[in-house]
Amino acid sequence: MKALFLSLPILALAGCFTAHLPDVTEWTVESAAKASESSNPKYGTVRISYVAVRSPYDGRRFVVARPDGSLAFDSFNAFAASPSQLLKGPVLDALAASGRFKAVVGPSSSMVVDGVIEVTVNRLRLDCREKDRRFAEVSVSLTLLGASREIAGRATGVGVADAADGRYTAAFSSAFDAAMAEALAAL
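The rules behind the values
Residues numbered from 1 in each chain as written. Predicted model: local features only at pLDDT ≥ 70, side-chain atom pairs only at ≥ 80, totals over all residues. Heavy atoms only, no water. Helix = DSSP H or I, 4+ residues; strand = E, 2+ residues; numbered from the N terminus. Buried < 20%, exposed > 50% of the residue type's maximum accessible area, 1.4 Å probe, protein only. Lys, Arg positive; Asp, Glu negative; His and termini not counted. Salt bridge = Lys/Arg side-chain N within 4 Å of Asp/Glu carboxyl O. Contact = heavy atoms within 4.5 Å. Pairing = 2+ DSSP bridges. Expected span 1.5 Å × (residues − 1). Core = buried A, V, L, I, M, F, W, Y, C linked by side-chain atoms within 4.5 Å. Axes fitted to C-alpha atoms, helices over the stretch in contact; angles between N-to-C directions. Parallel < 35°, antiparallel > 145°, perpendicular 65-115°, else oblique. Left-handed = near helix turned anticlockwise from the far one by under 90°. Nonpolar A, V, L, I, M, F, W, Y, C, P; charged D, E, K, R; others polar.

A. Geometry of the side chain of Arg 47. Mapped onto the secondary structure, Arg 47 falls in strand β2 (residues 43-53). One buried charged residue, Arg 47, remains without a salt bridge, the closest side chain of opposite sign being Asp 114 at 10 Å. Each residue touching Arg 47, except ones within four places of it in the same chain, is listed here: Val 105, Gly 106, Pro 107, Ser 109, Ser 110, Met 111, Val 113, Gly 115, Val 116 and Ile 117.

B. Fine view of the pairing of strand β7 (residues 135-146). Counting buried positions along β7 gives twelve out of twelve residues, so the element sits mostly inside the fold. Side chains Phe 135, Glu 137, Ser 139, Ser 141, Thr 143 and Leu 145 project from β7 onto one buried face, and the interleaved Ala 136, Val 138, Val 140, Leu 142, Leu 144 and Gly 146 project onto a second face that is buried too. Examined bridge by bridge, β7 and strand β8 (residues 151-162) share eleven bridges and lie antiparallel to one another. Counterpart to Thr 143 in the pairing with β8 is Arg 154. In this structure, the hairpin formed by β7 and β8 is closed by a connection of four residues, where Arg 149 is found at a positive phi of approximately 70°.

C. Representation of helix α4 (residues 168-186) in the model. Spanning 19 residues, α4 covers 27 Å between terminal C-alpha atoms, matching the ideal 27 Å at 1.5 Å per step. Looking only at α4, the buried set comprises Tyr 168, Thr 169, Ala 171, Phe 172, Ser 173, Ala 175, Phe 176, Asp 177, Ala 179, Met 180, Ala 183 and Leu 184.

D. Structural detail: the nonpolar core. Ranked by size, the top nonpolar core spans 44 residues in total, and within it Leu 95, Phe 101, Ile 117, Phe 172 and Leu 187 carry the most contacts. Here the element with the most residues in this core is α4; it accounts for nine residues.

E. Fine view of the packing of helix α3 (residues 88-97) against α4. The contact between α3 and α4 brings their axes to 10 Å, and the two run at 45°. By the criterion of interaxial angle, the relationship of α3 to α4 is oblique. Helix-helix and strand crossings are classified by hand; for α3 and α4 the assignment is right-handed. Residues Pro 90, Val 91, Ala 94 and Leu 95 of α3 pack against Phe 176, Met 180 and Leu 184 of α4. Across the contact of α3 with α4, the residue classes break down as seven nonpolar, no polar and no charged.

Set out below in structure tokens:
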């Protein structure tokens, strides 16, 4: 019994000697694209059908590409929401700002449209394959379907931005904008 009483203060102080793990820092992706009206859009009004993020990039924790070709999941940096939810706003902004469409509406709109666009994010990762270098990398695919659900266009784009300064919102936003701009230019 005496040993139990002597060990209680030691157990109470044990928490003081354990290391506190750093909190997870949450980041977002924002589009710098500003809505513009084109006097001569290539396509009519479209609805975003969906924004899908392919596995393993669909989780909140950052996916990190390592020099040996393997992937790791960052325990200290994460997206503020699931990537498929997080990217819905930036996708809408980038499509609307492109001037390629008469108008762009979200998936829940009941507006009559000329077609739908499907957006797939193929890659969303922090590329650390080169020693002492970090890049945000985003790859997207766009599929435009006409009113009869026929494929009216397909395009892909890749964006890469320097992330060495650790400002991941800025890096992933820049890479996302570049990927969307490349895909939209090819659509």
